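Summary of structural features
Next come the chains, spelled out residue by residue.
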Amino acid sequence: VPFSELLIKLLSPLFTAAETYPGLILIQAATAFFWFIGVHGPSIVEPAIAAALVANMTDNLAAFQAGQHASAVLTQGAQYFVVCMGGTGATLVLVFMFCFLAKSQEMRAVGKAAIVPVCFAVNEPLLFAAPIVLNPNFFVPFVFAPIANIWILKVFIDFLGMNGFMYTLPWTVPGPIGTIMGLGFQPLAFVMLAIILVVDFVLYYPFFRAYDAQKCAEEAEISQEELA
């Protein structure tokens, strides 16, 4: 028996558990939490599930080609383009908030500097300049947005019959484009993408607005000191 096949068989119970709702919570929450405390989350968590991510993509493509339902949720494509849309924490919508909705000059400047890299899933400029890392204002949405995204994907696959990710694309493909292409341009993929973007916006907006008010107050205080 080829070693890789034997390893996959031995680890199959773990892969199955990872496909459940609690398993998905554990994986995505751990990834986001590590990044929040300043440790590169994907480098810590993804090696443990890398075999499952690749194997599930292969299984999905084989099932689709055989005319069957590609039912695996936890795939490389899902990690790249659904969970990490705009980088760990699903920060794509947040950087647009910084750019176009922030009243704080500092936040707008950060948004303008970070928007291009974040669109290509490189969100370190936002994580460390906003900052989001070690910033309690963003802890809740940073951890829960990826969980919400993967759950939405699972609902579409389990209950609406959408096929899971079948095609491998570079991780730097912008999240919305990678989602549509990785899912084979299925009509349901467009619906799911719209829902994910709305949910991420709703999760981040109140915390963004609170932080924006805090930064505006700080800037106003600095302006008064300078005038004095």
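You'll find the structure just up there.
This section reports on the structure supplied with the text. (Residues numbered from 1 in each chain as written. Predicted model: local features only at pLDDT ≥ 70, side-chain atom pairs only at ≥ 80, totals over all residues. Heavy atoms only, no water.)

Okay, the environment of Phe-208 next. Looking at the secondary structure, you find Phe-208 in helix H10 (residues 187–227). Residue classification places Phe-208 among the buried positions, given a relative accessible area of 0%. Other than its neighbours up to four places away in sequence, Phe-208 contacts Leu-94, Met-97, Phe-98, Leu-101, Ala-102, Met-107 and Phe-138. (Helix = DSSP H or I, 4+ residues; strand = E, 2+ residues; numbered from the N terminus. Buried < 20%, exposed > 50% of the residue type's maximum accessible area, 1.4 Å probe, protein only. Contact = heavy atoms within 4.5 Å.)

On to the packing of aromatic side chains, then. Here the structure, examined in full by the defined rule, presents 13 aromatic pairs. A ring pair is formed by Tyr-21 and Trp-151, whose centres lie 5.1 Å apart and whose planes are at 85 degrees; its orientation type is edge-to-face. One end of the pair, Tyr-21, is in helix H2 (residues 21–36); the other, Trp-151, is in helix H8 (residues 139–159), and 130 residues separate them in sequence. Taking the relative accessible area as the measure of exposure, Tyr-21 reaches 24% and is therefore partly exposed. Between Phe-36 and Phe-139, the aromatic rings sit 5.0 Å apart at their centres with planes inclined by 75 degrees, giving edge-to-face as the arrangement. You can see Phe-36 sitting in helix H2 and its partner Phe-139 sitting in helix H8, a full 103 residues away along the chain. Relative accessible area serves as the criterion here: at 8%, Phe-36 is assigned to the buried category. With a relative accessible area of 30%, Phe-139 lands in the partly exposed category. The structure contains a cluster of three or more aromatic residues connected by ring pairs, namely Phe-98, Phe-138, Phe-201, Tyr-205, Phe-208 and Tyr-211. For Lys-154, the ring lying beneath its charged end belongs to Tyr-21, and the centroid distance is 5.1 Å. (Phe/Tyr/Trp six-rings, centres within 6.5 Å; stacked < 30°, edge-to-face > 60°. Lys NZ or Arg CZ within 6 Å of the ring centre and 35° of its normal.)

With that settled, the discussion passes to the packing of helix H6 (residues 105–119) against H10. The geometry of H6 relative to H10 is characterised by a closest axis approach of 8 Å and an angle of 120 degrees between their N-to-C directions. Between H6 and H10, the interaxial angle falls into the category oblique. Residues Gln-105, Glu-106 and Met-107 of H6 form the contact with H10, whose own contacting residues are Phe-208, Tyr-211, Asp-212, Lys-215 and Glu-219. Residue classes in the contact of H6 with H10 are distributed as three nonpolar, one polar and four charged. (Axes fitted to C-alpha atoms, helices over the stretch in contact; angles between N-to-C directions. Parallel < 35°, antiparallel > 145°, perpendicular 65-115°, else oblique. Nonpolar A, V, L, I, M, F, W, Y, C, P; charged D, E, K, R; others polar.)

This paragraph deals with the nonpolar core. Of all hydrophobic cores here, the largest spans 61 residues; its most connected members are Leu-94, Phe-98, Leu-126, Leu-153 and Met-192. Those elements giving two or more residues to this core turn out to be H2, helix H3 (41–65), helix H4 (76–83), helix H5 (92–100), H6, helix H7 (124–129), H8 and H10. Looking at this core element by element, the count peaks at nine residues for H8. Not counting residues up to four positions away in its chain, the partners in contact with Leu-126 are Thr-91, Leu-94, Val-95, Phe-98, Val-110, Ala-114, Val-118, Pro-131 and Ile-132. (Core = buried A, V, L, I, M, F, W, Y, C linked by side-chain atoms within 4.5 Å.)

Within this structure, the stated rule accounts for four salt bridges. Across the pair Asp-158 and Lys-154 runs a salt bridge whose closest N-O atoms are separated by 2.9 Å. Here Lys-154 and Asp-158 lie together in helix H8, a separation of four residues that amounts to about one turn. Taking relative accessible area as the criterion, Asp-158 reaches 36% and is therefore assigned partly exposed. Of the residues examined, Lys-154 reaches a relative accessible area of 8% and is grouped as buried. Several salt bridges share partner residues, and in doing so they unite Glu-106, Lys-215 and Glu-218 into one network. (Salt bridge = Lys/Arg side-chain N within 4 Å of Asp/Glu carboxyl O.)

No statement about biological role is implied by the geometric values presented.
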